[in-house]
Every structure is written in structure tokens, then in C-alpha cells.
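# Architecture at a glance
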Amino acid sequence: MAGRIRFHWFERRRGGTIVLHLFPEEAATLDLLAAELTTLLQEPERAANAYQRLFPPAYLDPDEAAAEQMYGAFAHSHLLTSRLEQLARLRGFLQEVMAGPGERRSGQHALVLDDDACEVLLGVLNDLRLAFGSILNVTDHDLDPDLGPDEPSGGPADDADPGATVLAASRPLYDALTALQGELVELLLFDLPEAGTD
């Protein structure tokens, strides 16, 4: 096990404990975004493209309409319930930390994450990026400059409700979510064995 590793938001302490450091305004913003994604999942008409991005069809062939309907009937409810549960757990965790004295350093809340909490956070961050990236109309060309400048920059999609989400007009928040997710993934990779080792 490696020693202490510290990134901008995350650190892994000796012994493997992962800690997320957030300023109060960052924790409150993440809580607000989770609340807005919860609303989007419960009221999909507010941002239809984002909802479809989270629940893409399993069968693209029109001849498979019956199979798609069956898949939706069995899988959609489970996926929706799972996402709502993850959002509720993350919001509860954030609100508990923000409300209590807890561990702080340099004005930041310190959220100690076990393996389960890391999985929840990764899932929510991924869903936030999918949903709000769709609302912002973020394209592969926006994320990878090597693809070329021909595509237009991301902007609110046609079906976006400007009042439905903080991210409807905020690309910097989307980029911050991307960086937050990237840091956690990179930190978790330190725990993976090297190729050819047990």
C-alpha cells in the first residue's frame, strides 16, 4: 500500500482511507446538483434529452420494438430506483457532514469515504455528467480538441429548461464535475495491481 496521496479534492491516507475535501460552497453545490438530478429523474419532461441519455434504448433496430418494450418494463424501473437511491444516499451524506462539526481542514469539510461511498459518488458523478452534458449539448469535439474544430461548442440543448438546472448555463460546473470524477478514478487506480502481479 502506498503512502499518503493528495490531489486537489481527494487524498488517500496511509492505510488506504480515501477522504474528499470540499469547501462548504462546493458541498452545497454538489448537494444542489444531486437534488436537481433527482427532480429530473422524477419529472423527465423537464429535460427529455438528458433523461434519454441516462436511459438509452437497449435495441436500436425498429424491428426489435417488442424486445425494447420488454427490456424497458423490466430494467427501467430497477435502474431508476437504483439511481434515486444513490442520489438520496449522497445527499444524506453531504447534509450530515455539512450540518455537523465533523473533521475540517483549512475551512474544508472532510468526507471519509469507504468503498461503498466511493461507488455511490462515482455513480452520481457519472450520471450528473451524462445528464447535464446533454443539457449543455457537450460533444466529443468539446471534450477532445484533437478531433478538430469543425463542430460547434457545447451550449444548452433545444429541450433544456433554463430554470430546471444550475448547469443549464454553466459549463464550468460541468468541467468541475469531470475533474472531480477524474481525480477519484485516478486515485482508485493506485489500488489496482500492476499487470502480471497478483
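Please refer to the structure higher up on the page.
What this report covers is the structure whose coordinates are included nearby.

Definitions and cut-offs
Residues numbered from 1 in each chain as written. Predicted model: local features only at pLDDT ≥ 70, side-chain atom pairs only at ≥ 80, totals over all residues. Heavy atoms only, no water. Helix = DSSP H or I, 4+ residues; strand = E, 2+ residues; numbered from the N terminus. Buried < 20%, exposed > 50% of the residue type's maximum accessible area, 1.4 Å probe, protein only. Areas by Shrake-Rupley, 256 points an atom, 1.4 Å probe, with all protein chains shown as cover. Core = buried A, V, L, I, M, F, W, Y, C linked by side-chain atoms within 4.5 Å. Contact = heavy atoms within 4.5 Å. Pairing = 2+ DSSP bridges. Expected span 1.5 Å × (residues − 1).

### Details of the overall build of the protein
- Helix and strand counts for the protein stand at six helices and five strands.
- Counted from the first residue to the last, the protein has its helices and strands arranged as β-β-β-α-α-α-β-β-α-α-α.
- Within the span of the protein, comprising 198 residues, buried residues form 36% of the whole.
- When the accessible area of the protein is evaluated, it comes to approximately 11300 Å², of which 53% is carbon and sulfur surface.

### A short note on the nonpolar core
- Formed by 39 residues in total, the largest nonpolar core has its most connected members in Phe10, Leu20, Leu113 and Leu121.
- For this core, the elements supplying multiple residues, two or more each, are strand S3 (18-22), helix H1 (24-42), helix H2 (48-54), helix H3 (65-99), strand S5 (108-113), helix H4 (115-135) and helix H6 (171-189).
- Among the elements that take part in this core, H4 stands out by supplying eleven residues, more than any other.
- Discounting chain neighbours no more than four positions away, the residues touching Leu121 are Phe10, Leu20, Leu30, Leu90, Leu113 and Leu184.

### Here we look at the pairing of S5
- Most of S5 is tucked away: five of the six residues are buried.
- Looking at chain direction, S3 and S5 are connected through five bridges and run antiparallel. By the bridge assignment for S5, His21 is matched with Ala110.
- With antiparallel pairing between neighbouring strands as the criterion, strand S4 (residues 104-105) and S5 make up a hairpin whose turn holds two residues, including Ser106 at a positive phi of roughly 55°.

### Remarks on the environment of Glu36
- Mapped onto the elements of the fold, Glu36 is located in helix H1.
- By relative accessible area, which is 16% here, Glu36 ends up buried.
- With 92 residues separating them along the chain, Glu36 and Leu128 place their C-alpha atoms 9.5 Å apart.

### Looking at H6
- End to end, H6 covers 27 Å across 19 residues, agreeing with the expected 27 Å (1.5 Å per residue, within 8%).
- Three or more residues of H6 are buried, namely Tyr174, Leu177, Leu180, Gln181, Glu183, Leu184 and Leu187.

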